[in-house]
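# Observations on chain architecture
Spelled out from the first residue to the last, the chains are:
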Amino acid sequence: MLEALKGDLGAGPTASRARQGLLVVGSFVLLLYAIEIINTLMLHSLNGIFGLRPRTLSGLLDILTFPLLHANLAHLLSNTLPLMIFGFLVFLSGLRVFVTALASSWLGSGVLVWLIGGFNVTVGASGLVFGLFAFLLLRGFFNRNWGQILLSVALFLAYGGILFGVLPTVAGYISWQAHLGGAAGGVLAALMLSPRRPRQAA
C-alpha cells in the first residue's frame, strides 16, 4: 500500500502535502460535525430547508447544500471514516485534483437525485464518498500509472463492498441515486484529469 502511494505521486508524498491534506479534509469533516450539532439542536429542521427535494425549482439550490446535512449523528459517523480516507488519498495528488474530484462527485450526486430521486428529502455526504472512491479506483487505469492501479486494487479489496450501494435493490432508506450519481461524477473527474494523449496521424 505504501509503495502504491509512492507510485501515486512519483517521488512519494511530501510531508507538507500530507499535512495540508489532513488539514483540508479534516476541516471539511469538522464542518460537517459542526453543522450536525446545530442541526440536532434545531431538531434537524435544517434538513427540511436545505435537504435536496427532487424535481423542484428550489431543489436545484439544494444541490449545493444537501451533502452538508445528515439524518442523525449515526448517519454522519458512517460517512466519516471513508470520507477522511478517500479524501486524503485524493488530496495527495494535489489541491486541484481534490477540488475537481469533490466538486464533480458533489454535482453528479445532486443532479441525479434531483432528476430521479424519490419523494423524500435527501441529505448526506455518501455521494461524495462514492465519488472519491470511484475516482481512486479508475484514475490509475486512465493515467496508465501502475502505482495508482495498485492503490485502486488495494482499496477495492478493502472497500469494494460499498459499491452495492449504487444498486436500486439496497434498503429503501438509502439513496442509491446519490451513490450512483456521485460515482459517475468521480469517473468523470478521473477522465477530465487524465493526461491528454497525442493524436496519431492517419
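Here's what I pulled together on the structure shown here. Per chain, residue numbering runs from 1 following the sequence as it is written. In view of the model being predicted, local features appear only for residues whose pLDDT reaches at least 70, and side-chain atom pairs are presented and counted only at 80 or more, with totals across whole chains, interfaces and linings using the full set of residues. As a convention, hydrogens and water are excluded, and side-chain values are obtained from all of the structure's heavy atoms.

### Comments concerning the packing of helix α6 (residues 95–116) against helix α9 (residues 176–192)
The description of two packed helices rests on the angle between their axes and on the distance between the axes. Axis lines are fitted to C-alpha atoms, over the contacting stretch for helices. Their N-to-C directions set the angle, which ranges from 0 to 180 degrees. Strands here mean DSSP runs of E at least two residues long; helices mean DSSP runs of H or I at least four residues long; both are numbered from the N terminus. Following both chains from N to C, one finds α6 and α9 inclined at 140°, their axes separated by 7 Å at the closest point. In terms of orientation, α6 and α9 fall into the oblique class. Every pair of crossing elements has a handedness; the one defined by α6 and α9 is right-handed. Note on element contacts: α9 touches α6 through Trp176, Gln177, Ala178, Leu180, Gly181, Gly182, Gly185, Gly186, Leu188, Ala189 and Met192, opposite Thr100, Ala101, Ser104, Ser105, Gly108, Ser109, Leu112, Val113 and Ile116. When the residues that make up the contact of α6 with α9 are grouped by side-chain class, the tally is ten nonpolar, ten polar and no charged. Roughly parallel means an angle under 35 degrees; roughly antiparallel, over 145; roughly perpendicular, 65 to 115; everything else is oblique. Crossing handedness: left-handed means the near helix sits turned counterclockwise from the far one by under a right angle, and right-handed means the same turn made clockwise. We call two residues in contact when some of their heavy atoms are within 4.5 Å. Side-chain classes are defined by residue name, with Ala, Val, Leu, Ile, Met, Phe, Trp, Tyr, Cys and Pro counting as nonpolar, Asp, Glu, Lys and Arg as charged, and the others, Gly among them, as polar.

### A word on helix α2 (residues 15–41)
Expected helix span is computed as 1.5 Å times (number of residues minus one). In this model α2 runs 38 Å from its N-terminal to its C-terminal C-alpha over 27 residues, within 8% of the 39 Å that 1.5 Å per residue would give. Of the positions making up α2, those classed as buried are Ala18, Gly21, Val25, Gly26, Phe28, Val29, Leu32, Ile35, Glu36 and Asn39. Along its buried surface, α2 packs onto α3 (45–50), α5 (73–91), α6 and α7 (126–143). With its phi angle positive at about 60°, Leu43 sits one or two positions after the end of α2. Whether a residue is buried, partly exposed or exposed follows from its accessible area with a 1.4 Å probe, protein chains only, as a fraction of its type maximum: under 20%, in between, or over 50%, in that order.

### Here's the deal with the packing of α7 against helix α8 (residues 146–159)
Packing of α7 against α8 leaves a shortest axis separation of 8 Å and a crossing angle of 150°. Taken as axis vectors, α7 and α8 run roughly antiparallel relative to one another. Two packed elements cross with a definite hand, and for α7 against α8 that hand is left-handed. Residues Phe133, Leu136, Leu137, Arg139, Gly140, Phe141 and Asn143 of α7 form the contact with α8, whose own contacting residues are Gln148, Ile149, Leu151, Ser152, Leu155, Phe156 and Tyr159. Looking at the contact of α7 with α8 residue by residue, the classes come out as nine nonpolar, four polar and one charged.

### Quick word on the side chain of Asn39
Within the secondary structure, Asn39 sits in helix α2. On the basis of relative accessible area, Asn39 is assigned to the buried category, the value being 0%. Setting aside residues no more than four positions away along its own chain, Asn39 makes contact with His44, Ser45, Leu46, Asn47, Leu69 and His70.

### Brief notes about unusual backbone geometry
One can expect most non-glycine residues to show negative phi and most peptide bonds to be in trans. Of note, the phi angle at Leu43 is positive, near 60°, even though the residue is not glycine. Mapped onto the secondary structure, Leu43 falls in the loop between α2 and α3. Residue His44 is not a glycine yet carries a positive backbone phi of 55°. Mapped onto the elements, His44 comes out in the loop between α2 and α3.

### Some thoughts on the nonpolar core
Leu83 and Val90 are the most contacted members of the largest nonpolar core, which has 34 residues in total. Elements that contribute at least two residues to this core include exactly α2, α5, α6, α7, α8 and α9. Here the element with the most residues in this core is α7; it accounts for seven residues. Beyond its immediate chain neighbours, meaning those up to four positions away, Leu83 contacts Val25, Phe28, Val29, Leu32, Phe88, Ala125, Leu128, Val129 and Leu132. In this description, a nonpolar core means a group of buried Ala, Val, Leu, Ile, Met, Phe, Trp, Tyr and Cys residues linked to one another through side-chain atoms lying within 4.5 Å. Core analysis: the second largest hydrophobic core is formed by six residues, Ile63, Phe66, Val113 and Trp114 among them.

### Some details on the packing of aromatic side chains
Each Phe, Tyr or Trp ring, with Trp reduced to its six-membered ring, pairs with another whose centre is within 6.5 Å; inter-plane angles below 30 degrees give stacked pairs, above 60 give edge-to-face pairs, and intermediate values give tilted ones. Applying the stated criterion to the full structure yields four aromatic pairs. Residues Phe86 and Phe133 carry aromatic rings whose centres are separated by 4.9 Å and whose planes lie at 20° to one another, so their mutual orientation is stacked. Of this pair, Phe86 sits in helix α5 while Phe133 sits in helix α7, placing them 47 residues apart in sequence. The pair Phe86 / Phe133 is uniform in exposure class, with both members buried. Ring geometry for Phe86 and Tyr159: centres 5.2 Å apart, planes at 80°, overall edge-to-face.

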